[in-house]
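A structural walkthrough
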Amino acid sequence: MGNITALDIATSAVLVVFLLFMVYNSDARLNETMVTTGNELIVQEHLVNLVRIIEKDLRRIGYCSDQTKIPDPSQTIVSANRNGITFLTDVDNDGEIDTLQYSIGSPSSLSSTPNPRDMLFFRSVRGSASQGYSIGLTKFEFKFLNSKGDSLAFPITDPGKIVSMELKVALESTHPYDELYSYAAWRTLRLKARNLRER
Amino acid sequence: MGLISLGILSMNRGFYANDLVMRNSKITLMATSLASSKIEEASGKAFDARSADSLLSSTSGLTPAAGLGTEPGETYPNFNDFDDFNNAAMDDTIDGGGPANRIPFRTTCRVFYVDPGTPDAAQPMPTWHKKIVVTVTSPAMSDTVTQQYINSYFHFE
């Protein structure tokens with residue numbers, strides 16, 4: 001009788017250990033899922049919002065609601081490099097030409113996030129000092145093409161030759177889970193601004 | 001014990017479904033970017049091979065509906081007009097986060113003439129409106145992404 005009781009207790013103890021282990025694992029998995037799902041969602045939302053803004057802005061290169069002020073198409077892009085562009089447009093649709101600049105910071109300048117690859121994103125209107133957006137941007141690369149579809153080499157000395165552009169954007173979560181960062185990419189946003197087309 | 005096991009099994013099933021949805025959402029985003037890029041690229045070309053260098057004033061001057069597609073010697077990406085994308089298929093691979101996670105995509109395009117009144121129906125005769133339907137598939141994606149765009153011909157004299 002005494003032996004049976006000891007065996008029962010031992011079996012129960014093993015089962016309890018198993019149960020605790022299963023509960024512990026489930027709790028860890030639940031935690032991981034919550035964090036990674038949140039990270040994935042944030043990254044995807046940031047990516048979609050960023051692309052939406054960029055698409056809208058880049059499509060309106062050279063646009064002005066006051067047609068008498070539409071800039072010379074060959075002067076519309078002020079400067080362009082691998083990681084940024086400055087161009088003329090009518091941002092707020094008020095009939096006045098504005099200068100819009102996209103640029104990024106360096107990964108090392110964004111020390112407030114654990115991700116070593118993310119950079120600040122800047123969108124500056126009319127030359128105003130732009131606050132950088134920390135959205136987990138890890139890639140923001142332009143490729144500019146001329147009227148023949150050939151890519152222009154950097155540095156671009158004559159932005160007037162640009163007729164279309166490609167952009168690769170990638171975002172990662174600013175914080176990792178178990179040293180892994182969530183990732184989302186928008187590949188080759190190929191834009192041909194209407195106002196750059198005919199010249 | 002059995003109840004707890006069932007509960008944990010059910011939780012794991014939930015986690016798996018959640019992962020699947022998030023991954024599919026991420027891949028669908030990439031597919032959407034590919035489809036948008038192809039439409040942007042196509043819409044930047046001339047409306048028709050015959051309008052690339054000259055103005056057209058009659059639909060009889062356009063490429064016949066049965067002849068939409070590449071002209072001899074044309075291969076992607078060196079297309080010169082919108083309908084060159086008809087029946088074109090392109091393969092792409094996108095970095096899904098790390099070298100071991102490269103996701104293959106296949107993009108196929110179809111171009112046909114449409115009438116503004118019935119934009120979904122292909123017209124047997126040329127009109128001033130061409131529609132492109134871009135379809136992106138991937139073995140990693142459970143669904144297909146399709147985007148459509150209508151390109152119209154107009155000019156100012």
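Just so we're clear, the structure is a prediction, and the values are computed from it rather than from any experiment. (Residues numbered from 1 in each chain as written. Chains lettered and ligands numbered in written order. Predicted model: local features only at pLDDT ≥ 70, side-chain atom pairs only at ≥ 80, totals over all residues.)

Here's the deal with the overall build of chain A
In plain terms, the rule: Only DSSP runs of H or I reaching four residues or more are called helices, and only runs of E reaching two or more are called strands; each is numbered from the N terminus. The size measure is the radius of gyration over C-alpha atoms, and the globule rule it meets is 2.2 Å times the number of residues to the 0.38 power. Working definition of burial: number of other C-beta atoms within 10 Å of the residue's own, with buried at 20 or more, exposed at 12 or fewer, and partly exposed in between, all C-beta atoms being placed from the backbone.
Each helix and strand in chain A was counted, giving 2 helices and 7 strands. Listing each helix as α and each strand as β along chain A from the N terminus yields α-β-β-β-β-β-β-β-α. Taken over the C-alpha trace, chain A has a radius of gyration of 26 Å; the compact-globule value for 199 residues is 16 Å, which it surpasses by more than 25%. With respect to the three principal axes, the spread of C-alpha positions in chain A is 100 × 35 × 30 Å. Relative to its full complement of 199 residues, chain A shows a buried share of 30%.

Details of the overall build of chain B
In plain terms, the rule: Each residue is represented by a C-beta atom placed from its backbone, and any two residues with such atoms within 7 Å are regarded as in contact.
Within chain B one finds 1 helix and 5 strands. Listing each helix as α and each strand as β along chain B from the N terminus yields α-β-β-β-β-β. Within chain B, the fraction of its 157 residues that count as buried is 29%. Long-range pairs, those at least 24 residues apart, make up 54% of the contacts in chain B with a sequence separation of at least 6.

Section: the interface of chain B and chain A
By a widespread convention, an interface's size corresponds to the accessible area lost as its parts come together. We count it as follows: Residues are grouped as follows: nonpolar covers Ala, Val, Leu, Ile, Met, Phe, Trp, Tyr, Cys and Pro; charged covers Asp, Glu, Lys and Arg; every other residue, Gly included, is treated as polar.
Counting residues at the interface gives 21 residues for chain B, matched by 22 residues for chain A. Put simply, the parts of the chain that give the side of chain B that touches chain A at least two residues each are α1 (2-43) and β1 (89-95) of chain B. Ranked by residues supplied to the side of chain B that touches chain A, first place goes to α1 of chain B with 15 residues. Among the residues making up the side of chain B that touches chain A, the classes are represented as 10 nonpolar, 7 polar and 4 charged.

A look at unusual backbone geometry
Backbone torsion omega between phenylalanine 154 of chain A and proline 155 of chain A reads 0 degrees, so that peptide bond is classified as cis. Looking at where proline 155 of chain A falls in the secondary structure, it is placed in the loop between β5 (133-145) and β6 (164-172). Even without a glycine there, the phi angle at aspartate 178 of chain A is positive, about 55 degrees. Considering the arrangement of structural elements, one finds aspartate 178 of chain A in the loop between β6 and β7 (183-191). Positioned with a positive phi, asparagine 87 of chain B is a non-glycine residue whose angle comes to about 65 degrees. With respect to the element layout, asparagine 87 of chain B can be found in the loop between α1 and β1.

With respect to the nonpolar core
The line we're drawing: Joining buried Ala, Val, Leu, Ile, Met, Phe, Trp, Tyr and Cys residues through C-beta atoms within 7 Å gives a set, and that set is a nonpolar core.
Counting 60 residues, the largest nonpolar core has Leu47, Val169 and Ala185 of chain A together with Met30, Ala31 and Phe85 of chain B as its most contacted members. When residues no more than four places from it in sequence are discounted, the contact partners of leucine 47 of chain A are Val169, Leu171, Ala184 and Trp186 of chain A together with Leu29 of chain B.

As for the environment of glycine 84 of chain A
Residue and element names in this part refer to chain A. Within the secondary structure layout, glycine 84 lies in strand β2 (residues 84-89). Note: C-alpha distance between glycine 84 and phenylalanine 121 (37 residues apart in sequence) is 9.9 Å. If we skip the residues at most four places from it in the chain, glycine 84 touches Gln101, Tyr102, Ser103 and Ile104.

Remarks on the confidence of the model for chain B
Residue and element names in this part refer to chain B. To be explicit about the condition: A score from 0 to 100, pLDDT tells how confident the predictor is in each residue.
Mean pLDDT over chain B stands at 87; residues scoring 70 or higher make up 96%. Within chain B, the lowest mean pLDDT, 86, falls on α1, and the highest, 96, falls on strand β4 (residues 129-137). Reported confidence for the predicted complex is 0.74 by ipTM and 0.81 by pTM.

Digging into the pairing of β2 of chain A
All names here are of chain A. Counted only if it meets this: In this description, strands pair whenever DSSP reports at least two bridges between them.
As defined by bridge partners, strand β1 (residues 77-81) adjoins β2 across 4 bridges and the pair is classed as antiparallel. From the neighbouring strand, alanine 80 faces β2, where its bridge partner is isoleucine 85. Between β1 and β2, which pair antiparallel in sequence order, lie 2 residues. With 5 bridges joining them, β2 and strand β3 (residues 98-104) adopt antiparallel strand pairing. When the sheet's bridge partners are listed, leucine 88 is paired in β3 with threonine 99.

Things to note about the environment of lysine 139 of chain A
All names here are of chain A. Position of lysine 139 among the secondary structure elements: in strand β5. When the C-alpha positions of lysine 139 and lysine 168 are compared, they lie 6.8 Å apart, and in sequence the two are 29 residues distant. The contacts of lysine 139, once residues within four sequence positions are left out, are Lys168, Val169 and Ala170.

As for the pairing of strand β4 (residues 119-125) of chain A
Residues and elements named next belong to chain A. Pairing analysis gives 5 bridges linking β3 to β4, with the strands arranged antiparallel. Bridged to glutamine 101 within β4 is serine 124. Of the pairings in the sheet, the one linking β4 to β5 comprises 2 bridges and is antiparallel in character. Across the sheet, the residue bridging to methionine 119 is leucine 137, located in β5.

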